[in-house]
Amino acid sequence: MPVVNPNNPACDFYHHPYNLMLSEPLPMASRTLIMGILNITPDSFSDGGKFLSSEAAVEHALALEAEGADLIDIGGESTRPGSEPVGAGEQLQRVLPVIESLRQASRIPISIDTTRAEVAEAALGAGAELVNDISALRDDPEMSGVVSRNACPVILMHMQGQPRTMQAEPVYHEVVEEVSAFLVKQRQVALTAGIAPEKIILDPGFGFGKTVEHNLVLLAHLDRLVALGSPVLVGFSRKATIGAVLDLP
């Protein structure tokens, strides 16, 4: 167990059973939770185009739940390396029917993967319960207000650069220290905006402006990220680093 400053209110979950406060509390202290990923996009790196119809998307989400997912993350904009931004209107056309249908079919918690406040607001109104913002509240100045008003959890992710260019030439002097400092800074931005500390989740952003070596160093030092005092989301599924380590496609 990492040593945590007991005077830091953001660290209270270390000393008490920690629940992610959704419509029903989601316990986070007893085991690692699994987030199922549902990309409603034509160009995501592993499943682009597979779930563009609402029926196929909801069927896949229910399959993920049956396989053990604790929550489902739904996004209408690919953030793979080299991807281009997608407007809020297009994102809403993609994700809202899926969120509405899934909420009718299941009570599994839904997170909306977007950097746009307009998309987050509408998705929360349709039944989503978390906001997953890969820009960590930087891209849209209205996002922190949306999260605060809705009193919903938010995931703050580290990314060097933007998806279109982030893998061109990522450079760090000390990747764990720099990622940690960024996450602490953006957590403070969230707290200042009125977002409760128990509603904040941190994500080091594996593969977002990082080389294989950067990813592996971060993975080896997850204890230092957990010691920051907030739950940590690890997004490593199907990332290229796995293939590089195993010498596989």
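See the structure printed just above.
The model shown is predicted, which means the values in this text are computed figures rather than measured ones.

A. Structural view of the side chain of His-158. Its place among the elements puts His-158 in the loop between β7 (154-157) and α5 (175-192). Here His-158 falls in the buried class, since its relative accessible area comes to 6%. Among the polar contacts made by the side chain of His-158, one reaches the side chain of Lys-210 at a distance of 2.9 Å.

B. Main features of unusual backbone geometry. With phi around 55°, Ala-136 is a residue other than glycine that occupies positive phi space. Inspection of the secondary structure assignment puts Ala-136 in the loop between β6 (130-133) and α4 (143-150). Taking relative accessible area as the criterion, Ala-136 reaches 0% and is therefore assigned buried. Located in the positive-phi region is Ala-151, a residue other than glycine, with phi close to 50°.

C. Local environment of the packing of helix α3 (residues 117-126) against α4. Two elements in contact, α3 and α4, have axes whose closest approach is 8 Å; the angle formed by their N-to-C orientations is 20°. Viewed along their axes, α3 and α4 adopt a mutual orientation that is roughly parallel. α4 is crossed by α3, and the crossing has right-handed handedness. Between α3 and α4, the contacting residues are Ala-117, Ala-120, Glu-121 and Leu-124 on the first element and Met-143, Val-146, Arg-149 and Asn-150 on the second. In the contact of α3 with α4, the residues fall into five nonpolar, one polar and two charged.

About the thresholds
- Throughout, residues of each chain are indexed from 1 in the direction in which the sequence is written.
- Reporting in this predicted model follows two pLDDT cut-offs: at least 70 for local features of residues, and 80 or more for side-chain atom pairs to be given and counted; totals over whole chains, interfaces and linings ignore these cut-offs and use all residues.
- Only heavy atoms go into the side-chain values, all of them from the structure, while hydrogens and water stay out.
- Numbering of helices and strands runs from the N terminus, with a helix taken as a DSSP run of H or I at least four residues long and a strand as a DSSP run of E at least two residues long.
- Three exposure classes are used, based on accessible area relative to the maximum for each residue type with a 1.4 Å probe and protein chains only: buried under 20%, partly exposed in between, and exposed over 50%.
- Polar contacts, as used here, are pairs of N or O atoms within 3.5 Å; protein pairs need one atom able to donate a hydrogen and one able to accept it. Residues neighboring in sequence count only if both atoms are side-chain atoms.
- Axis definition: a line fitted to C-alpha atoms, limited for helices to the stretch in contact. Angles are taken between N-to-C directions and run from 0 to 180 degrees.
- An angle below 35 degrees is treated as roughly parallel, one above 145 as roughly antiparallel, one from 65 to 115 as roughly perpendicular, and anything else as oblique.
- Throughout, a crossing is termed right-handed when the near helix is turned clockwise from the far one, and left-handed when it is turned anticlockwise from it by less than a right angle.
- What makes two residues a contact is simply this: any of their non-hydrogen atoms within 4.5 Å.
- Asp, Glu, Lys and Arg are counted as charged, while Ala, Val, Leu, Ile, Met, Phe, Trp, Tyr, Cys and Pro are counted as nonpolar; the rest, among them Gly, fall into the polar class.

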